[in-house]
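Remarks on the overall topology
Residue-level listing of the chains:
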Amino acid sequence: MPDVGRAKFSASVRSVHGHKSTDYLWRVETPIDPDVLFMREALKEALKAYEQDEVPVGAVVVANGRILARAHNLTERLIDVTAHAEMQALTAAAAAPSP
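A short tour of the structure in this document, coming up. On a predicted model such as this, the values are computed, not experimentally measured, just so you know.

The side chains of a regular strand alternate, residue by residue, between the two faces of the sheet. Relative to strand 5 (residues 66-72), strand 4 (residues 58-63) runs antiparallel, the two being bridged by 6 bridges. If you follow Gly58 over to strand 5, its bridge partner there is His72.

A word on helix 1 (residues 34-51). When the terminal C-alpha atoms of helix 1 are compared, their 26 Å separation across 18 residues agrees well with the 26 Å that a helix rising 1.5 Å per residue should span. Burial in helix 1 covers these residues: Phe38, Glu41, Ala42, Glu45, Ala46 and Ala49. For helix 1, the arc enclosing every buried residue in end-on projection is 150°, short of the 170-degree limit, so these residues lie on one face. Exposed residues lying more than 90 degrees from the buried face of helix 1 are Leu43, Tyr50 and Glu51. On its buried side, helix 1 packs onto strand 4 and strand 5. Here helix 1 starts with a cap whose side-chain oxygen sits 2.9 Å from the backbone nitrogen of Asp35, and that cap is Asp33.

Calculation notes
- Residues numbered from 1 in each chain as written.
- Predicted model: local features only at pLDDT ≥ 70, side-chain atom pairs only at ≥ 80, totals over all residues.
- Heavy atoms only, no water.
- Pairing = 2+ DSSP bridges.
- Helix = DSSP H or I, 4+ residues; strand = E, 2+ residues; numbered from the N terminus.
- Expected span 1.5 Å × (residues − 1).
- Buried < 20%, exposed > 50% of the residue type's maximum accessible area, 1.4 Å probe, protein only.
- Arc of directions from axis to C-beta.
- Contact = heavy atoms within 4.5 Å.
- Polar contact = N/O pair within 3.5 Å; in protein donor to acceptor, adjacent residues only side chain to side chain.

Rendered as structure tokens:
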């Protein structure tokens, strides 16, 4: 089975109505990009905001591959136009102990 980049390639031959047919199967074994994982965490925060009738925005602050803080919009709940997810996350990260 040849290696094709990061994907593994396999082929099988089977009989279909007396004729040989080749089926190609691709199985991709690519590690998930850390940025994608962090964006998923931000989306989870956005969902929390949505469930609380806030504007659905979430944010995470990341340093050295670790999430230091996470937050979502709180502008409606706090009646504060500055309580955006990004500001909430940065404030929480600043207050967090050093890693």
